[in-house]
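Structural overview for review
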Amino acid sequence: MSWSVGSARAVNPSTPRRGRGVLRGLRGRAADGGRDAGAALVLVIGSMLVLAMLAMTALAYTMQSQTFARYSQDHTGAMAAAQSGIEDVISRLNRDDTYADTLDCANPALQAPTTSGTDSCGWTTTTAVGWLPVVPGETDPDAAHFHYAIDGSLATLEGSVLVTATGRVNGEFRTIETTVGKGGSTDYVYYTDFESADPQNVQAYPSTPSTECGGLGSDLAEYWYEGRNSEGCVEITFISGDRLDGAVFTNDAAWSNGAHFLDGFISANPGCLTVTATTSTWNNCLRNSGGSTSTADFHGTAPAASEDGPLYLPDTSAAFATFPGCHYYGSTRIIFNAGGTMTVWNKKVNNGSTAPRAESGPVGTPTCGSLDDLDSDAGATVPVPDQMVVYVAPAPASVLRVQCNADEIGGPTGRELPLGTYDRTTNSATGTHPSYSYDVTMAETTKTCQEGNLYAEGTVNGRVSLAAAQSVITTGDLVLAGGRSGDDILGLVATNSVEVFHPRLTTYEWVRRYSNCRESGSGARTYQYCATSATEVGGWPTRYTDPTTGGLVPADGIQIAGSIQTLQHSFYVQQYSVGGAAGTLNVWGSIAQRWRGIVGQGSNGYTKLYEYDRRLIYGPPPYFPRWTNAQWTLRYSGEIQNPASVKVP
């Protein structure tokens, strides 16, 4: 046996033939006698059928993909149409702030069947749903259209409008629900107009300061970068222990010595315009002139210049006198109870026997307590006016303004206010002149018993704003019954200031002195009561367990879980310059103030821990104002199920 390599390939006849394709095999077998011809035909036809089935499958898949693509395109287009509806509402609100107050009969996008009877537009239960095309003038019914409903009932209460918009494209519908509103003080954990002290703070300024410091009012005062740096104003600095966990905004140039700004810093200070991505430029946004150099930890986020320049808030504190809720007169004390009630003391000697006024609103008429109960030692315990306000006004002008006797504001047994032993009958120029003790802050003229001061502490269960014609004084923790993830919310609004209670008992003696109790001077010396010593008072502020943790938060100091607004004055601590370290001042909410408030000095007072309550993005406390130069914008949104009514052909 021999093998060769070439074109004529030798074959070993004894070797079985291996298949070289079906047809060759068939030909071979046909040549052998045509015995397999029928089988070959079956195989060919079968193969063709298989190929045909594959082609049909591919065609079906292609057609299905086209259908799905069409659906996907319409589905996406319907969402875009709904969003166009939201933008349409925003543009109308920015042209007219009151657009949501009444039904616009000329707007087809609002047209809808009413739930009962007719409305001011004459629409009835059978009125067809109205649609506006996304592209004006479009007449194709399959093109993108939107329809929406507007609920403006919260516009006054929360400064927001609820919009439900449905988009329609080629028979596909999608609906989104959203809140639109204007920004306000609750956008920031900290907002300040001027970074210097309140010119009317008698502790900071014993005498009236210069015009640049605000001595003639905030309109004539100057920001640091406008020239206030040489006027000897009381300037206030953030210290290294201060932590602000939330966006910060100031119209002025802030002074910082290593403070921590953990979630953004924005300022109208022109120095912020020189900030770049290079971290060495970031301190340019702070105060760095007039002998002060600032440092801060910006937590990796570059500070920024305000695109709109200074932001201003209208002081609406006086308007709270007209909002729904409980209205009291003269000094009033409130302790909130975790079960949704509050105990109120409002003495007849302070309110001139003026009964409280229960102001009705959209959510009903509150119960505010009887005059006798409010005057009693136990006080009046009434429900917290949910979604409303508690407002304290001065007593009628006919009621004589006098310094409070000890305990005359009231409170729980053993913790009545004011502290001390003062009695105006015996401790007067015509009295017997015994020495007495008294909280030095309560001797200020703004604290006379008939002024509109509100003293508050406790566990708040509800959504309520506390407002005062004079000051709101926090005498202890203000925590939320539902903790920091519940639905309780608190606002503190003062025409004067929001203050943290810090009692200092001073002994007053009947002594012969020059004017203002000076021991030297000119003119005649007269007998008068003068302060001779002062001591700390233990047990204040009152601490309350925070339901969020089941413990005291912070461990040492005070917690105010609320939004603070004092747009003519400040948020500050009474007697901040004495008494030693007081711990941490923890505000969980937001702060908006005209002038920078002082909470500590040297080794005295509090270290700041201001934390932003992110629930404020969706809803501020009742009746908080918006920025004066703000535009309506989207606050939040989410997709919901399509309303059945809009899908009616």
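Everything below is about the structure printed above this text.
One structure accompanies this document, and this report is about it. (Residues numbered from 1 in each chain as written. Predicted model: local features only at pLDDT ≥ 70, side-chain atom pairs only at ≥ 80, totals over all residues. Heavy atoms only, no water.)

The grouping of L41, I45 and L49 at the surface amounts to a nonpolar patch, some 290 Å² of accessible area in total. Tracing the sequence through the fold places L49 in helix α2 (residues 37-95). L49 sits in the exposed class, given a relative accessible area of 52%. (Patch = residues over 30% accessible without salt bridge, like charges linked within 9 Å, V, L, I, M, F, W, Y side chains within 5 Å. Areas by Shrake-Rupley, 256 points an atom, 1.4 Å probe, with all protein chains shown as cover. Salt bridge = Lys/Arg side-chain N within 4 Å of Asp/Glu carboxyl O. Helix = DSSP H or I, 4+ residues; strand = E, 2+ residues; numbered from the N terminus. Buried < 20%, exposed > 50% of the residue type's maximum accessible area, 1.4 Å probe, protein only.)

To continue, consider the pattern of salt bridges. Inspection of every chain in the model, using the stated rule, returns 24 salt bridges. The closest approach of N and O atoms between E359 and R357, which form a salt bridge, is 2.2 Å. With relative accessibility at 24%, the residue E359 sits in the partly exposed group. We note a salt bridge from R513 to E519, for which the minimum N-O separation is 3.2 Å.

In this section: the sheet that holds strand β19 (residues 436-439). Strand order in the open sheet formed by three strands is β19-β25-β26, and the pairing between neighbours is antiparallel. Since the sheet does not close on itself, it has two edges, and those belong to β19 and β26 (526-536), each with one partner. Each strand axis lies, on average, 40° off the axis of its neighbour in the sheet, ignoring direction. The pairing of strand β25 (residues 504-513) with β26 spans 10 bridges and is classified as antiparallel. When the sheet's bridge partners are listed, L505 is paired in β26 with T535. (Pairing = 2+ DSSP bridges. Axes fitted to C-alpha atoms, helices over the stretch in contact; angles between N-to-C directions.)

This part takes up the environment of E235. Mapped onto the fold, E235 is located in the loop between β5 (190-197) and β6 (237-238). With 69 residues separating them along the chain, E235 and T166 place their C-alpha atoms 53 Å apart. The residues touching E235, leaving out its near neighbours within four places in the chain, are E195, S196, W224, R228, W255 and R287. (Contact = heavy atoms within 4.5 Å.)

Now for the nonpolar core. Core analysis: the largest hydrophobic core is formed by 66 residues, its most contacted members being Y328, F571, L585 and Y610. Residues within four places of F571 in sequence aside, it is in contact with V498, V500, I560, I564, T566, L585, V587, I591, Q593, G597, I598 and Y610. Counting 20 residues, the second largest nonpolar core, distinct from the first, contains A82, V161, V163 and I176. (Core = buried A, V, L, I, M, F, W, Y, C linked by side-chain atoms within 4.5 Å.)

Once that is clear, we can look at the state of the cysteines. Linking two cysteines covalently via their sulfur atoms produces the bond known as a disulfide. One pass over the full model with this rule turns up six disulfides. What pairs with C105 in a disulfide is C121, and their sulfur atoms sit 2.0 Å apart. Looking down the S-S bond of the C105 and C121 bridge, the torsion is -90°, so its handedness is left-handed. Highlighted residues: C105 in the loop between α2 and β1 (132-133) and C121 in the loop between α2 and β1, separated in sequence by 16 residues. Once the bonded cysteines of the chain are numbered in order along the sequence, the disulfide links fall as 1-2, 3-4, 5-6, 7-8, 9-10, 11-12. (Disulfide = S-S within 2.5 Å.)

A cis geometry characterises the amide bond from L417 onward to P418, with omega recorded as -5°. Positionally, P418 belongs in the loop between β18 (388-393) and β19. Cis geometry marks the peptide bond from V553 to P554; its omega dihedral reads -5°. Locating P554 in the fold gives a position in the loop between β26 and β27 (557-560). Of note, the phi angle at S353 is positive, near 55°, even though the residue is not glycine. Its location among the elements puts S353 in the loop between α4 (348-351) and β16 (357-359). Its identity is not glycine, yet Y623 carries a phi of approximately 70°, on the positive side. Assignment of secondary structure puts Y623 in the loop between β32 (604-612) and β33 (633-640).

Another point: the pairing of strand β20 (residues 454-460). Most of β20 sits inside the fold, with seven of its seven residues counted as buried. In terms of strand pairing, strand β14 (residues 332-337) meets β20 through five bridges, oriented parallel. Pairing of F336 across the sheet is with G458, part of β20. Sheet topology places β20 next to strand β22 (residues 472-480); six bridges connect them, and they run parallel. If you follow L454 over to β22, its bridge partner there is V472.

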